[in-house]
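Understanding the architecture of this molecule
The residues making up each chain are set out below.
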Amino acid sequence: MNLEIKGIHYEVTDRTIEQIEKKAKKIEFAADMIMDLPIRIEREKGVYIISVNINFRWGLTHYIKVEDHDLYDGIDKIMDKIRLKVAKEKEKIKDRSDKA
């Protein structure tokens, strides 16, 4: 899994990177399923917009976006959404392979 963090109108700090990497450990159970996880942090008028495209190895892409006034709350929210989406996709794959 390739984790990429980019800031727009926001300087990505070491603390931000550490927080994202710490939260990304929650999705390590599906690291073999995810090719790229580019995370974009944008700051506009005091609001942080955190977006991510989850690129799965079979070509599927999911876009997730969170807006929050607190960056670290936003990171927590988006990582929870990513975890749920990845778990759902993993379950779909499991169901398909069980039926085959």
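Residues numbered from 1 in each chain as written. Predicted model: local features only at pLDDT ≥ 70, side-chain atom pairs only at ≥ 80, totals over all residues. Heavy atoms only, no water.

Here the focus is the pairing of strand β4 (residues 61–68). Burial along β4 is one-sided: His62, Ile64, Val66 and Asp68 are buried, while Thr61, Tyr63, Lys65 and Glu67, pointing the other way, are not. Across eight bridges, the pairing between strand β3 (residues 47–56) and β4 is antiparallel. Looking at the pairing, Ile50 lines up with Val66 of β4. Joining the antiparallel neighbours β3 and β4 is a turn of four residues, in which Gly59 adopts a positive phi near 100 degrees. (Buried < 20%, exposed > 50% of the residue type's maximum accessible area, 1.4 Å probe, protein only. Helix = DSSP H or I, 4+ residues; strand = E, 2+ residues; numbered from the N terminus. Pairing = 2+ DSSP bridges.)

On to the side chain of Ser51, then. Tracing the sequence through the fold places Ser51 in strand β3. Ser51 sits in the buried class, given a relative accessible area of 9%. Aside from chain neighbours lying at most four places away, what touches Ser51 is Pro38, Ile39, Arg40, Tyr63, Ile64, Lys65 and Ile78. (Contact = heavy atoms within 4.5 Å.)

Pairing within the open sheet is mixed, and its four strands lie in the order β1-β2-β3-β4. In the strand order of this sheet, the two ends are held by β1 (2–8) and β4, each with one partner. Averaged over all adjacent pairs, the angle separating strand axes in this sheet is 15 degrees, with direction ignored. On top of the sheet, helix α1 (residues 14–24) reaches β1 and β2 (34–44); it is set at about 145 degrees to β1, its chief contact. (Axes fitted to C-alpha atoms, helices over the stretch in contact; angles between N-to-C directions.)

Attention shifts here to the environment of Ile41. Of note, Ile41 is situated in strand β2. For the pair Ile41 and Glu21, spaced 20 residues apart in sequence, the C-alpha separation works out to 14 Å. With residues up to four places along the chain from it excluded, the contact list for Ile41 reads Ile5, Lys6, Gly7, Ile8, Tyr10, Thr16, Ile20, Tyr48, Ile49, Ile50 and Leu71.

Summed over the entire model, instances satisfying the criterion amount to six salt bridges. Residue Lys26 is joined to Asp80 by a salt bridge in which the shortest nitrogen-to-oxygen separation is 3.8 Å. With Lys26 in the loop between α1 and β2 and Asp80 in helix α2 (residues 71–99), this residue pair connects regions lying 54 residues apart in the sequence. Judged by its relative accessible area of 39%, Lys26 falls in the partly exposed class. Overall, the relative accessible area of 31% leaves Asp80 in the partly exposed class. Here Asp68 makes a salt bridge to Lys77, at a shortest N to O gap of 2.5 Å. (Salt bridge = Lys/Arg side-chain N within 4 Å of Asp/Glu carboxyl O.)

This part is about the packing of aromatic side chains. A complete count under the given rule lists two aromatic pairs for this structure. Where Tyr10 meets Tyr48, the ring centres are 5.7 Å apart and the plane angle is 90 degrees; that geometry is what we call edge-to-face. Of the two residues, Tyr10 is situated in the loop between β1 and α1 and Tyr48 in strand β3; the sequence distance between them amounts to 38 residues. As far as the burial class goes, Tyr10 and Tyr48 line up, both buried. Cation over ring: Arg15 sits above Tyr72, and NZ or CZ is 4.1 Å from the ring centre. (Phe/Tyr/Trp six-rings, centres within 6.5 Å; stacked < 30°, edge-to-face > 60°. Lys NZ or Arg CZ within 6 Å of the ring centre and 35° of its normal.)

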